[in-house]
Amino acid sequence: MPITLILTMVGLLFLLILLVFLYVWIFHSKTVSRQPVMVSPDPPAVTFESFQSMIKSPSSTKEELNMAVDMILERYGMIGEGGHPLRIYELLIEMLCLHPNTDAKMVLRFEKGLRTANPKYINEIERSLAQGLRIRRK
């Protein structure tokens, strides 16, 4: 008799373990299938205007400014002839000079990159740099 009782208890224990396993497995498969699928939003447009707005925004960080300067020089470095007019680049240099999170290296890198890519506008680029630095000192 005690052997029958022990075998019945062991059988019930295995049955209980099997039922718990099935319950957890079914519950887990339902929760996995019900989780919403995360769709990444479209990346923001990377246009000249978006980089220009980064430089204009006083809340832009130094990293954002560096990225904007690099991308403008890389993608939109040519002045005129299908590119943007000289006056826009002059304003960008002045805004960069006045930005609270900029430094001299960033401004000089932007100015030098523009001078290198546009040798016929060297005087105008240097004049806008001088104007931006003059306004910054005030």
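Definitions and limits used
- Residues numbered from 1 in each chain as written.
- Predicted model: local features only at pLDDT ≥ 70, side-chain atom pairs only at ≥ 80, totals over all residues.
- Heavy atoms only, no water.
- Helix = DSSP H or I, 4+ residues; strand = E, 2+ residues; numbered from the N terminus.
- Buried < 20%, exposed > 50% of the residue type's maximum accessible area, 1.4 Å probe, protein only.
- Contact = heavy atoms within 4.5 Å.
- Phe/Tyr/Trp six-rings, centres within 6.5 Å; stacked < 30°, edge-to-face > 60°.
- Expected span 1.5 Å × (residues − 1).

**Student:** Which residues make up the overall build of the chain, and what are the values?
**Tutor:** Helices and strands together make up the secondary structure of the chain, namely six helices and zero strands. Overall, the chain shows an N-to-C arrangement of helices and strands of α-α-α-α-α-α. Out of the 138 residues belonging to the chain, those deemed buried represent 25%. For the chain, contacts bridging at least 24 residues in sequence account for 65% of all contacts bridging at least 6.

**Student:** I'd like a rundown of the packing of aromatic side chains, residues and numbers included.
**Tutor:** Summed over the entire model, instances satisfying the criterion amount to three aromatic pairs. Linked through ring pairs, Phe-48, Phe-51, Tyr-76 and Tyr-89 together constitute an aromatic cluster.

**Student:** So, helix α4 (residues 86–98): which residues are in play, and what are the values?
**Tutor:** Here α4 contains 13 residues, and its C-alpha end-to-end distance of 19 Å stays within 8% of the 18 Å for a straight helix at 1.5 Å per residue. Along α4, the positions that sit buried rather than exposed are Leu-86, Tyr-89, Glu-90, Leu-92, Ile-93, Glu-94, Leu-96 and Cys-97. Packed against the buried residues of α4 are α2 (48–56), α3 (62–75), α5 (104–117) and α6 (122–137).

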